[in-house]
Every structure is written in C-alpha cells, then in structure tokens.
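Structure at a glance
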Amino acid sequence: AQSVTQLDSQVPVFEEAPVELRCNYSSSVSVYLFWYVQYPNQGLQLLLKYLSGSTLVKGINGFEAEFNKSQTSFHLRKPSVHISDTAEYFCAVSDRGGGSNYKLTFGKGTLLTVNP
Amino acid sequence: KAGVTQTPRYLIKTRGQQVTLSCSPISGHRSVSWYQQTPGQGLQFLFEYFSETQRNKGNFPGRFSGRQFSNSRSEMNVSTLELGDSALYLCASSTGDRGFHEKLFFGSGTQLSVL
C-alpha cells in the first residue's frame with residue numbers, strides 16, 4: 001500500500017521569502033509523483049508531476065520539486081513567494097503498476113500562508 | 001472548453017437521509033473519479049468510472065455508490081447519511097486512457113453538511 005506524509009500541516013512565510021514544502025512517500029512499487037494546489041473555495045490544480053528522467057521538475061507559477069529516490073522524498077520549492085501563493089498544497093502518488101488504477105493517494109496537505 | 005462542473009455546490013441533509021451528487025466532466029473525458037475531503041482525513045479516493053464501468057474503488061462502505069452515464073456524466077450517492085459523511089466531495093475528470101500519470105482536472109466540489 002502507498003502512503004504520503006506531508007511533514008508540515010502549516011507553513012507561514014513572508015512575501016518574497018523562499019519556501020520548501022516537504023513530502024515523503026512509501027510504496028512497494030515505483031510511483032508517479034504529483035503536487036496539486038487548492039485555492040480557497042476551489043478544486044485542485046496540478047502544479048507539477050514527476051514521471052521519469054530528470055529528478056528536478058519545474059511546474060507552473062515558479063514552483064519546482066526534486067525527486068529523491070533514496071530518501072523517498074518529493075519536496076516542493078519556490079525561491080520567492082507571493083501573497084497569491086497562499087493556498088493548500090497536496091503531494092500525491094500514483095502506482096506505476098499494471099492494471100487500470102487511476103487512483104491518487106494524497107498527503108493531508110500543507111497550508112502555505114504568505115504574509116506581507 | 002468548460003471545466004468540470006459539480007452540482008449542487010452546497011447541500012444540507014439530516015442523518016439517515018440519502019443524497020445524490022452530480023459531476024459533468026470536461027468534454028471528451030471518459031474517466032471520472034470521486035474524492036472525499038475532510039479536515040481530519042484529507043483527500044480520500046472513493047471510486048473511478050471509465051466508460052460507464054467502475055474501474056477502481058477505495059475503502060468506503062457500501063453506502064457510497066456511484067454510476068456513470070453514456071455521456072460520461074457521473075453521479076455519486078450516499079445512503080443512510082451519518083454525521084461523519086460531512087465533507088467536501090470532489091470529482092475529477094481525465095481522458096482515462098493515457099496511463100497512470102495523467103493529469104486530473106478537478107471540479108470545485110460539493111460541500112455536504114449532515115446535521
């Protein structure tokens with residue numbers, strides 16, 4: 001079974017500061033990795049995903065994430081945040097395995113609050 | 001292109017009642033997944049439908065059921081509501097045939113409150 005742990009439930013930062021949101025996963029099989037963002041009163045939007053290849057993945061809105069297989073981590077980073085980045089961020093994994101398995105296992109989310 | 005549409009946006013029910021939620025996917029998408037979001041448990045997978053067939057199911061009791069119609073619209077039904085069913089129910093659509101890494105498009109959700 002897969003599981004996803006987001007180590008911080010809340011992360012407050014000041015505008016223009018860098019931020020890192022941490023995500024660790026466990027799985028007995030190879031996985032695909034995702035970060036989704038949820039703005040207030042909205043559904044989730046895909047920020048970025050890791051499928052294969054380069055371990056550094058760039059996404060929308062200046063976010064990037066690095067896949068570290070040995071540490072089973074997929075931390076999300078942004079060098080300089082804006083007020084508009086205030087949202088909840090979810091890390092998720094999906095099995096690479098065979099069979100039809102359109103199922104994402106999500107972490108419990110990290111609420112990023114950017115203060116002026 | 002219209003996004004994923006979920007109706008209604010808000011619902012208030014009492015214990016023991018049943019409820020039906022609706023999801024219209026993006027045009028051309030044949031896969032619809034449902035998730036339950038609560039503050040304590042986060043996002044949990046309910047089930048996924050593809051071409052009118054349930055293709056995958058999460059660990060929820062049989063009170064939670066769904067179906068998909070030939071136009072790919074999906075409904076989710078919860079019978080004998082319990083207080084713990086209060087949650088935001090999200091649906092997501094995708095083409096469903098491009099592999100497990102496919103991007104999901106989420107609706108804004110239906111907020112269900114059980115009193």
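All residue numbers refer to position in the chain's written sequence, counted from 1. Just so you know, chain letters begin at A and ligand numbers begin at 1, following the order they were written in. Where totals are concerned, whole chains, interfaces and linings use all residues; where local detail is concerned, this predicted model gives features only for residues with pLDDT of at least 70, and gives and counts side-chain atom pairs only at 80 or more. Where side-chain values are given, they derive from all heavy atoms of the structure, hydrogens and water being excluded.

Glancing now at the overall build of chain B. Here a helix means four or more residues in a row that DSSP labels H or I, a strand means two or more in a row labelled E, and each is numbered from the N terminus. Assigned secondary structure in chain B consists of zero helices and 11 strands. Listed N to C, the secondary structure of chain B is β-β-β-β-β-β-β-β-β-β-β in terms of helices and strands. The quantity called the radius of gyration is restricted to C-alpha atoms. Its globule counterpart is 2.2 Å times the number of residues to the power 0.38. Here chain B has a C-alpha radius of gyration of 13 Å; the compact-globule value for 115 residues is 13 Å, and the two agree. For chain B, the spread of C-alpha atoms along the principal axes amounts to about 40 × 25 × 25 Å. Per-residue accessibility, obtained with a 1.4 Å probe over protein chains only, is compared with the maximum for each type, and a residue is labelled buried under 20%, exposed over 50%, and partly exposed between these values. Residues counted as buried form 51% of the 115 residues belonging to chain B. For chain B, the share of sequence-separated contacts (at least 6 apart) that also reach a separation of at least 24 residues comes to 54%. Per-residue accessibility takes into account occlusion by the displayed protein chains alone, with areas from the Shrake-Rupley method and a 1.4 Å probe. Here chain B has roughly 5200 Å² of accessible surface; of this, 48% comes from carbon and sulfur atoms. Charge convention: Lys and Arg are scored as positive, Asp and Glu as negative, and His as well as the terminal groups of each chain are ignored. In this description, the location of a charge corresponds to atom NZ of lysine, CZ of arginine, CG of aspartate or CD of glutamate. Positive and negative side-chain charges in chain B, numbering 12 and 7 respectively, have mean positions lying 4 Å apart. In this analysis, two residues are considered to be in contact whenever any of their non-hydrogen atoms come within 4.5 Å of each other.

As a further point, take the confidence of the model for chain A. For every residue, the predictor assigns a confidence score, pLDDT, that lies between 0 and 100. For chain A, per-residue confidence averages 90 on the pLDDT scale, and residues scoring 70 or more make up 94% of the total. Of all helices and strands in chain A, the one with the weakest mean pLDDT is strand E11 (residues 105-106) of chain A (90), whereas strand E3 (residues 19-21) of chain A scores best (98).

We now examine the pairing of strand E12 (residues 110-115) of chain A. Residue and element names in this part refer to chain A. Burial along E12 is one-sided: Thr 110, Leu 112 and Val 114 are buried, and none of Leu 111, Thr 113 and Asn 115, which face the opposite way, are. Two strands pair when backbone bridges link them, and strand E2 (residues 10-14) and E12 are joined in this way by five bridges, in the parallel orientation. Paired with Val 13 across the bridge in E12 is Val 114. DSSP calls a pair of strands paired once it identifies at least 2 bridges connecting them. Taken together, the three bridges between strand E10 (residues 87-95) and E12 define a ladder with antiparallel strand orientation. Among the inter-strand pairings, Glu 88 is bridged to a residue of E12, identified as Leu 111.

On to the sheet that holds strand E1 (residues 5-7) of chain B, then. Note: strands within a sheet are paired through backbone hydrogen bonds, in either parallel or antiparallel orientation. Residues and elements named next belong to chain B. Within the open sheet, the four strands sit side by side as E1-E3-E8-E7. Their pairing is antiparallel. For this open sheet the edge positions go to E1 and strand E7 (64-68), each flanked by a neighbour on one side alone. Pairwise comparison of adjacent strand axes, ignoring direction, gives a mean angle of 20° for this sheet. Note that E1 and strand E3 (residues 19-24) share three bridges and pair antiparallel. Bridging from a neighbouring strand, Thr 7 pairs with Ser 22 of E3. Helix axes are fitted to C-alpha atoms over the stretch in contact, other axes to C-alpha atoms as well, and angles between N-to-C directions run from 0 to 180 degrees.

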